[in-house]
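Each chain, written out:
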Amino acid sequence: PAGRYTSIAGGYMYTCGIRTDRTIVCWGDNQSTTVDPVPAGEFTMGSPESDGWAEDDEKPQHKVRITKPFYLGVYEVTQTEYEKVVGKNPSSFSKGGKEVDRVSGEDTSNHPVEYVNWDEAGEFCKRLSAKEGKTYRLPTEAEWEYACRAGTATLYCFGDDQASLGEYAWYA
């Protein structure tokens, strides 16, 4: 897998459509998203005992086999995309959100939808599946970590040097 999948931290939602025929998924109303294939394979899931930042439920490391290839959305679901499928926009950084003063005057329609919990993300996939007659779902924890690891065995997809993290991710 390519090394461009990022963490779901912050409540951003990514689509994971199970498709076998193309990488552009169109969902009506001139909406589409790009998905990348993630091949089947095997990896070591979890964090090593030496990782002081890891939570207890991330240990011990263990081998996991992804038996079927899948597709994973390359980009975050936008506020517009989410609203067209679900009928509302839960984002704090939107015209009607809690943080409206921080985005005043901005068009946030193409910003990622945020503050979406697991159940809401699942409902988005369920409604999108019903609307389009195709299967959309969230990736499993194993699929997500496999894609994020991008074929590496290091602490981060770019290596083990935490000092380089700022070159690859936005974080706080």
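Refer to the structure printed above.
Residues numbered from 1 in each chain as written. Predicted model: local features only at pLDDT ≥ 70, side-chain atom pairs only at ≥ 80, totals over all residues. Heavy atoms only, no water.

Locating D56 in the fold gives a position in the loop between strand 4 (41–45) and strand 5 (62–66). Residues D56 and G46, spaced 10 residues apart in sequence, show a C-alpha to C-alpha distance of 9.9 Å. (Helix = DSSP H or I, 4+ residues; strand = E, 2+ residues; numbered from the N terminus.)

What follows is about helix 2 (residues 118–132). Compared with an ideal rise of 1.5 Å per residue, which puts 15 residues at 21 Å, helix 2 spans 21 Å between its outermost C-alpha atoms and is within 8% of the ideal. Burial in helix 2 covers these residues: A121, F124, C125, L128 and S129. Down the axis of helix 2, the sector holding all buried residues measures 130°, keeping them to one side. Those residues of helix 2 that are exposed and angled more than 90 degrees off the buried face are D119, K126 and A130. Those residues of helix 2 that are buried are in contact with helix 1 (79–86) and strand 7 (136–137). Sitting at the head of helix 2, N117 places a side-chain oxygen 3.0 Å from the backbone nitrogen of D119. G133 sits one or two positions beyond helix 2 and adopts a positive phi of about 70°. (Expected span 1.5 Å × (residues − 1). Buried < 20%, exposed > 50% of the residue type's maximum accessible area, 1.4 Å probe, protein only. Arc of directions from axis to C-beta. Contact = heavy atoms within 4.5 Å. Polar contact = N/O pair within 3.5 Å; in protein donor to acceptor, adjacent residues only side chain to side chain.)

Our next topic: the pattern of salt bridges. Throughout the structure, instances matching the rule amount to 5 salt bridges. Two residues, E99 and R102, come together in a salt bridge whose shortest N-O distance is 4.0 Å. In this structure E99 comes out as partly exposed when scored by relative accessible area, which is 27%. (Salt bridge = Lys/Arg side-chain N within 4 Å of Asp/Glu carboxyl O.)

What follows concerns helix 1. Buried residues of helix 1: Q79, E81, Y82, V85 and V86, and no others. Viewed end-on, helix 1 has its buried residues packed into an arc of 165°, placing them on one side of the element. Downstream of helix 1 by one or two residues, G87 has phi in the positive range, about 95°.

For the pair helix 1 and helix 2, interaxial distance at closest approach is 9 Å and the crossing angle is 65°. Regarding the angle of helix 1 to helix 2, the classification is roughly perpendicular. Taken as a pair, helix 1 and helix 2 cross one another with a handedness that is left-handed. Across the interface between the two elements, E81, Y82, K84, V85 and V86 from helix 1 touch E120, F124, R127, L128 and K131 from helix 2. (Axes fitted to C-alpha atoms, helices over the stretch in contact; angles between N-to-C directions. Parallel < 35°, antiparallel > 145°, perpendicular 65-115°, else oblique. Left-handed = near helix turned anticlockwise from the far one by under 90°.)

Time to look at the side chain of R149. Along the chain, R149 turns up in helix 3 (residues 141–149). Of the residues examined, R149 reaches a relative accessible area of 14% and is grouped as buried. Polar side-chain contacts of R149 include one of 2.7 Å to the backbone oxygen of G46. For R149, the side chain forms a polar contact with the main-chain oxygen of T154, separated by 3.3 Å. Beyond its immediate chain neighbours, meaning those up to four positions away, R149 contacts F43, T44, G46, T154 and C157.

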